[in-house]
Amino acid sequence: ERAAKAWTEIDTLSRNPATSPESLLSRIGVLEAEMRGSEFESKVADLKTTAQRQITEKGVDVEIDQLVGELKTLTLSDPEFMRFKEEKEKYDSIRRTVAQKGRGVRLPEIAKLFDEYAEQYEVAAAAPVEEIKMYADNLAQEGRFKDAIQKINSYPEQFRLSKAWKDLEFLRRECERQLPK
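Let me sum up the structure you'll find in this document. Computed from a predicted model, the values in this text were never measured in an experiment. Each residue is numbered by its place in its chain's sequence as written, counting from 1. The predicted nature of this model means local features are confined to residues of pLDDT at least 70 and side-chain atom pairs, given and counted, to a pLDDT of 80 or more, with totals for whole chains, interfaces and linings taken over all residues. Water and hydrogen atoms play no part in the side-chain values, which are based on all heavy atoms of the structure.

Turning our attention to the overall build of the protein chain. Helices and strands together make up the secondary structure of the protein chain, namely 8 helices and 0 strands. Helical segments are the DSSP runs of H or I of at least four residues, strand segments are the runs of E of at least two, and each set is numbered from the N terminus. Taken from the N to the C terminus, the helices and strands of the protein chain come in the order α-α-α-α-α-α-α-α. Only C-alpha atoms enter the radius of gyration, while the globule expectation follows 2.2 Å times N to the 0.38, with N the number of residues. Taken over the C-alpha trace, the protein chain has a radius of gyration of 29 Å; the compact-globule value for 181 residues is 16 Å, which it surpasses by more than 25%. Each of the 181 residues in the protein chain was classed as buried or not, and the buried ones make up 34%. Taken as two groups, the 31 positive and 35 negative side-chain charges of the protein chain have centres that lie 3 Å from each other. Between buried and exposed lies partly exposed: a residue is buried under 20% and exposed over 50% of the maximum accessible area for its type, with that area taken using a 1.4 Å probe on protein chains only. Counted as positive: Lys and Arg. Counted as negative: Asp and Glu. His and the chain ends are not counted at all. Where a charge lies is defined by one atom per residue type, namely NZ (Lys), CZ (Arg), CG (Asp) and CD (Glu).

Further remarks concern the nonpolar core. When a protein is soluble and globular, its nonpolar side chains tend to lie buried together. Working definition of a nonpolar core: buried Ala, Val, Leu, Ile, Met, Phe, Trp, Tyr and Cys residues. They are joined through side-chain atoms within 4.5 Å. Within the largest apolar cluster, 34 residues are counted, with the highest numbers of intra-cluster contacts made by Phe84, Ile110, Tyr155, Leu168 and Cys175. In this view, Ile110 contacts Ile64, Val68, Leu71, Tyr91, Ile94 and Val98; residues no more than four positions away in its chain are not counted. Counting 13 residues, the second largest nonpolar core, distinct from the first, contains Leu24, Leu25, Ile28 and Val44. For this analysis, residues touch if any pair of their heavy atoms sits within 4.5 Å.

As a further point, take the packing of helix α3 (residues 41-76) against helix α4 (residues 84-100). Interaxial angles span 0 to 180 degrees and are taken between N-to-C directions of axes, which are lines fitted to C-alpha atoms, for helices over the stretch in contact. Where α3 meets α4, the closest approach of the two axes is 10 Å, and the angle between their N-to-C directions is 165°. Considered as vectors, α3 and α4 are oriented roughly antiparallel to each other. Where α3 crosses over α4, the two elements pack in a sense that is left-handed. Residues Glu63, Ile64, Leu67, Val68, Glu70, Leu71, Leu74 and Thr75 of α3 pack against Glu86, Glu87, Lys90, Tyr91, Ile94, Thr97 and Val98 of α4. By the convention adopted, Pro, Cys, Tyr, Trp, Phe, Met, Ile, Leu, Val and Ala count as nonpolar, Lys, Arg, Asp and Glu as charged, and the other residues, Gly among them, as polar. Of the residues belonging to the contact of α3 with α4, the class tally is 8 nonpolar, 2 polar and 5 charged. What sets the label is the angle itself: under 35 degrees gives roughly parallel, over 145 gives roughly antiparallel, 65 to 115 gives roughly perpendicular, and the rest give oblique. Note: crossing handedness is left-handed where the near helix turns anticlockwise from the far helix by less than a right angle, and right-handed where it turns clockwise.

Spelled out as structure tokens, the structure:
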């Protein structure tokens, strides 16, 4: 009868949405001995495991929230994209951490945050390309490959991870092949 009464109290607590996993574990700690060896022992063990998992997940979510906050701070504090490489590495690290900690449900939120920043980066990176490419093309057509390479190399360093840079890099390699050996 003591075991049944203890189980009823634990079961009622576990079904109450206002009961925190910490409170449930605390109460289980007090009443667990009364249910030892009874038909309720395995049910209590299951509840205990679930509550411990919830506490762990809550801690992981707090950690992930902190990492996402760091990423937001980085992206907002870098409008010139001077730290894009660092921010991409931070994003990749956060993505791995979230996946490893079993919180993949947060990945779309994190991806959206970085994708918006990366899109702004690509737009900014594309801005100087046309002028540089046109100028370098003209120099190359005149046979001034060294000057064309120099013009291509004037492309801002912080944008050299962009798709736009890939086009310029291809033109640079073409010019380098034309240089006298």
